[in-house]
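Structural features, examined
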Amino acid sequence: MADIIQLLPDNIANQIAAGEVIQRPASAVKELLENAVDAGATNVQLIINDAGKALIQVVDNGKGMSETDARMAFERHATSKISNIEDLFRIKTMGFRGEALASIAAVAQVILKTKREEDETGIQLEIENSAVIRQEPVACPTGTSIAMKNLFFNVPARRNFLKSNPAELRHIVDEFIRVSMAFPEVFFSLTSNGQQVFCLEKGTLKQRITQILGSNYAAKLVAVQEETDYMNIYGFVGKPETAKKTRGDQYFFVNNRFIKSAYLNHAVMGAFNEMIAKDSFPMYALFIDLDPSQVDINVHPTKQEIKFEDEKIIYAFVQSAVKHAMAQFSITPTLDFELDAGIQQLDAVSKPFTEENKSGAVSSSLYKTFTQKNQAHFVESKSGLKHWKDLMGSGEAANTNNLVGKTSMPTAGETIGQQQPLYHATQGNRVPELLMQLHNSYLLATTANGYLLIQQQNAHERILYERFSAAIEGKPITAQRSLFPVTIQMAAADAVLLQELLPDLNQLGFQLEPFGNNTFVVQGSPADLATGNEKYAVEKILEQYKHFSTDLKFSKREKLLRTLAIQQAIKAGTSLGEKEMQQLLEDLFACKVPAVTANGKPVFIEYKKEELDKIFGR
Ligand code: ADP
Ligand code: MG
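Fair warning: this is a prediction, and the values are worked out from it, not measured in the lab.

When its secondary structure is counted, the protein chain shows 22 helices and 22 strands. When each of the 618 residues of the protein chain is scored for burial, the buried share is 51%. Within the protein chain, contacts between residues separated by at least 24 positions form 67% of all contacts whose residues are at least 6 apart in sequence. Looking at the protein chain as shown, the accessible area adds up to about 29,700 Å², and 51% of this sits on carbon and sulfur atoms.

A few words now on the site of ligand 1. Close contacts around ligand 1 come from 18 residues, with Asn 35, Thr 79, Ser 80, Lys 81 and Gly 98 the closest. Separating an oxygen atom of ligand 1 from a backbone N or O atom of Arg 97 is a distance of 2.9 Å. Using a 2 Å cut-off from the grid points, one finds that ligand 1 occupies the largest pocket. Residues belonging to the shell around ligand 1 are distributed by class as follows: seven nonpolar, seven polar and four charged.

Right, let's talk about the packing of aromatic side chains for a bit. Going through the model one piece at a time under the given rule, you end up with eleven aromatic pairs. Residues Phe 253 and Phe 258 carry aromatic rings whose centres are separated by 5.9 Å and whose planes lie at 75° to one another, so their mutual orientation is edge-to-face. Taking relative accessible area as the criterion, Phe 258 reaches 13% and is therefore assigned buried. Through successive ring pairs, a cluster of aromatic residues spans Tyr 234, Tyr 251, Phe 253, Phe 258 and Phe 287.

What follows covers unusual backbone geometry. Across residues other than glycine, the phi torsion is negative in most instances, and most of the peptide bonds are trans. One non-glycine residue, His 439, lies in the positive phi region at around 50°. On the secondary structure map, His 439 appears in the loop between strand S16 (435-438) and strand S17 (442-446). For His 439, a relative accessible area of 71% puts it in the exposed group. Even without being glycine, Asn 440 reaches a positive phi, approximately 50°. Mapped onto the secondary structure, Asn 440 falls in the loop between S16 and S17. For Asn 440, a relative accessible area of 32% translates into the label partly exposed.

Ranked by size, the top nonpolar core spans 64 residues in total, and within it Leu 33, Leu 46, Phe 74, Met 148, Met 181, Phe 188 and Ile 209 carry the most contacts. Inspection of this core shows a minimum of three residues originating in each of domain 1 (10-200) and domain 2 (210-328). The residues touching Leu 46, leaving out its near neighbours within four places in the chain, are Val 29, Leu 33, Ile 56, Gln 57, Val 58, Ile 172, Phe 176, Ser 189, Leu 190 and Thr 191. The next biggest cluster of nonpolar side chains, apart from the first, holds 34 residues, and it includes Leu 290, Val 295, Phe 317 and Val 593.

Next up on the list: the sheet that holds strand S2 (residues 55-60). Spatially, S5-S4-S3-S6-S2-S1-S7-S8 is the arrangement adopted by the eight strands of the open sheet, whose pairing is mixed. Among the strands making up the open sheet, the edge pair consists of strand S5 (131-138) and strand S8 (195-200). Put simply, the sheet's adjacent strands are angled 10° from each other on average, direction ignored. Across five bridges, strand S3 (residues 109-115) lies against strand S4 (residues 122-128) in antiparallel orientation. Residue pairing in the sheet places Val 110 in a bridge with Ile 127 of S4. Across the sheet, helix H2 (residues 25-38) lies against strand S1 (43-49), S2, strand S6 (143-149) and strand S7 (187-192), angled at about 10° from S2, the strand it touches most.

It is worth spelling out empty space enclosed by the protein at this point. Under the counting rule described, the total for this entry stands at two cavities of 30 Å³ or more. Of the voids in this model, the second largest cavity is the one considered here, and its volume is about 30 Å³. What lines the second largest cavity is Glu 461, Tyr 465, Arg 562, Ala 565, Ile 566, Thr 597, Ala 598 and Asn 599. Residue assignment for the lining of the second largest cavity shows that the elements contributing at least two residues are helix H17 (456-473) and helix H20 (556-568). Along the lines of polarity and charge, the residues of the lining of the second largest cavity split into four nonpolar, two polar and two charged.

It is worth spelling out the layout of surface pockets at this point. Estimates place the volume of the largest pocket at around 1,000 Å³. Along the wall of the largest pocket there are 50 residues; nearest its centre are Asn 35, Asp 38, Thr 79, Lys 81 and Gly 95. Of all the secondary-structure elements, those providing two or more residues to the lining of the largest pocket are H2, S2, helix H3 (67-72), helix H4 (100-107), S6, helix H6 (165-182) and strand S12 (257-259). Ranked by the residues each element gives to the lining of the largest pocket, the list is headed by H2, at seven residues. Within the lining of the largest pocket, the residues separate by chemical class into 21 nonpolar, 13 polar and 16 charged. Domain assignment of the residues forming the lining of the largest pocket places at least three in each of domain 1 (10-200) and domain 2 (210-328). Approximately 550 Å³ is the volume found for the second largest pocket. Lining the second largest pocket are 20 residues, and of these His 460, Asp 528, Gln 568, Ala 569 and Ile 570 lie nearest its centre. Residue assignment for the lining of the second largest pocket shows that the elements contributing at least two residues are H17, helix H19 (534-548), H20 and helix H21 (578-588). Its residues assigned to classes, the lining of the second largest pocket shows ten nonpolar, five polar and five charged.

A separate point is the side chain of Ser 469. Locating Ser 469 in the fold gives a position in helix H17. Side-chain polar atoms of Ser 469 contact the backbone oxygen of Tyr 465, separated by 2.7 Å.

The next thing to look at is the sheet that holds strand S11 (residues 250-254). If you trace the five strands from one edge of the open sheet to the other, you get S9-S10-S13-S11-S12, paired in mixed fashion. Looking at strand neighbours, the two that pair on one side only are strand S9 (221-227) and S12, the edges of this open sheet. Strand-to-strand twist across the sheet, computed as the mean angle between neighbouring axes with direction ignored, equals 20°. Where S11 and strand S13 (residues 284-290) come together, five bridges link them in parallel fashion. Residue Gln 250 lies in a different strand from S13, and its bridge partner there is Tyr 284. Running at roughly 40° to strand S10 (residues 231-238), helix H7 (residues 205-213) makes contact with S9, S10, S11 and S13 of the sheet. Helix H9 (residues 311-329) contacts S9, S10, S11 and S13 of the sheet and is inclined by roughly 135° relative to S9.

Parameters and conventions
Residues numbered from 1 in each chain as written. Chains lettered and ligands numbered in written order. Predicted model: local features only at pLDDT ≥ 70, side-chain atom pairs only at ≥ 80, totals over all residues. Heavy atoms only, no water. Helix = DSSP H or I, 4+ residues; strand = E, 2+ residues; numbered from the N terminus. Buried < 20%, exposed > 50% of the residue type's maximum accessible area, 1.4 Å probe, protein only. Contact = heavy atoms within 4.5 Å. Areas by Shrake-Rupley, 256 points an atom, 1.4 Å probe, with all protein chains shown as cover. Near = heavy atom within 4 Å. Polar contact = N/O pair within 3.5 Å; in protein donor to acceptor, adjacent residues only side chain to side chain. 1 Å grid on protein atoms, 1.4 Å probe; cavity = no way out; pocket = protein on both sides within 12 Å on 5 of 7 lines; lining within 4 Å. Sits in = over half its atoms within 2 Å of the grid points. Nonpolar A, V, L, I, M, F, W, Y, C, P; charged D, E, K, R; others polar. Phe/Tyr/Trp six-rings, centres within 6.5 Å; stacked < 30°, edge-to-face > 60°. Core = buried A, V, L, I, M, F, W, Y, C linked by side-chain atoms within 4.5 Å. Domains from an automatic or database assignment. Pairing = 2+ DSSP bridges. Axes fitted to C-alpha atoms, helices over the stretch in contact; angles between N-to-C directions. Points joined across faces, edges and corners; volume = space filled by probe spheres on them.

Printed below as a string of structure tokens:
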């Protein structure tokens, strides 16, 4: 029998290889934009026609190419960015495989114009089916312009696989955003079918983010920044109230390369924790810079996954950086600023730093800077203000007394239970008045380090929100049966709405029964709701709920929880007795997130004694 193996002709091999790199117009856009950035351009223009199917052109003012380089650039594995295997571990450019231009030349008609600063004239190349079909000198500015026309003109099967123009355009815009966000110091524009879609002036990262994602983020970004010798993180997260119902405005970059990482996303989501509704997504654009030897970017050109040398440390680092940023935003100094128990048990974190592992893995240098330097503020937070749970001694009544200071006030340094109470009343006995209400709206509570000013309505809103959230999934709120059940007659639309909410309302202590004809009977209401108020309460709930209902980012249930919390919270202007204030504080600091309401309003401000002393020149 005859032998059957044969080598593929070059053009077929090229087309197959090209298919790996250039899957759709957006992949070519990404490669060309990255090449422009790698060439040091400060001005990059992307022009597309027909969602990139007819034309994709990138014009840059980068360093350009010599005549020989211009021809070489389209060969497979031709690159100026690495020359040996070690270079792979210190990559500073976006490209390095030398595959993009070769792939583009295999599947589109290409016109290249390029000129270096030092050359008088530039060169123009026309390429089709991987071959140069025309070459001539050309007058052009310094930089490079690459136009690729009729993508997949010679691979009809692939061309037929392309999606509709709006879908392909969406992919292109995504890539454009990912590259332009990472380089705010570079001007980028995008023109589609002659219309300018983006025009991004050079600026700061914050400006770039608002240029891209919309100016409504302008006042709503919280800066994230942590540095170690080994790894830096910087960028922005959106304030809790900007969280959206759809995932979307979430960007991670590692060494300026956009990546997708469910793992790191989880780290950020964990930092937001109770501050946002469970089914909503916060905005973030976070940049992690670390030694290129710690990441394996050599996965696949079109894949956005990335491998880290020590993923868990990076997880912890990202999460604590975001928590730290959030904590500062909520004006709470040390809100839950500790490593997860799970992460603390990791060898890298829990094991002492021995000579043995010092000499070994590179990851230990990561470990070192992370644990020693970056953990400094964990340590700080522990010696100063502890976790809120400690603050209220896990809600034990004995410790509450320390806060309100009515009984058995500890002297400085005295401990209660296992732990040094965080917010014990005073240092010594100097301040007899430990807690008071101001303007029937604010509570003043002294702490070990200063004092807190607490907005009572916001505090109560937070308490109720957490209580209702717990009730909706677990033990229902006890209802008190009405002795004389009232009936409520509703407008038809309201009745439909109420009907939908019935199961959740039931769980929250409102026992409502449909009675036909848009009528409901209130059989019971939450035990702490004043009787006789049921009808009014239900009407108010619906009213407030409707206020939220245009807000698409939350689920029905989430809206209901927020509605009830807002509606049932004690209002500012309500005078509170000693006991009520005490209870409020106790409940507040038993909350998971005492510092902000579910809707993102601050609950309290802390004034530190040392800062006050500074103000008064003491
Ligand atoms: P890679 O970017 O991986 O090196 P490419 O195929 O994308 O591979 O590009 C090949 C080479 O062509 C690059 O290494 C670079 O030297 C040169 N090149 C590509 N685009 C440009 C550009 N816009 N300006 C200057 N040089 C470029
Ligand atoms: Mg490239």
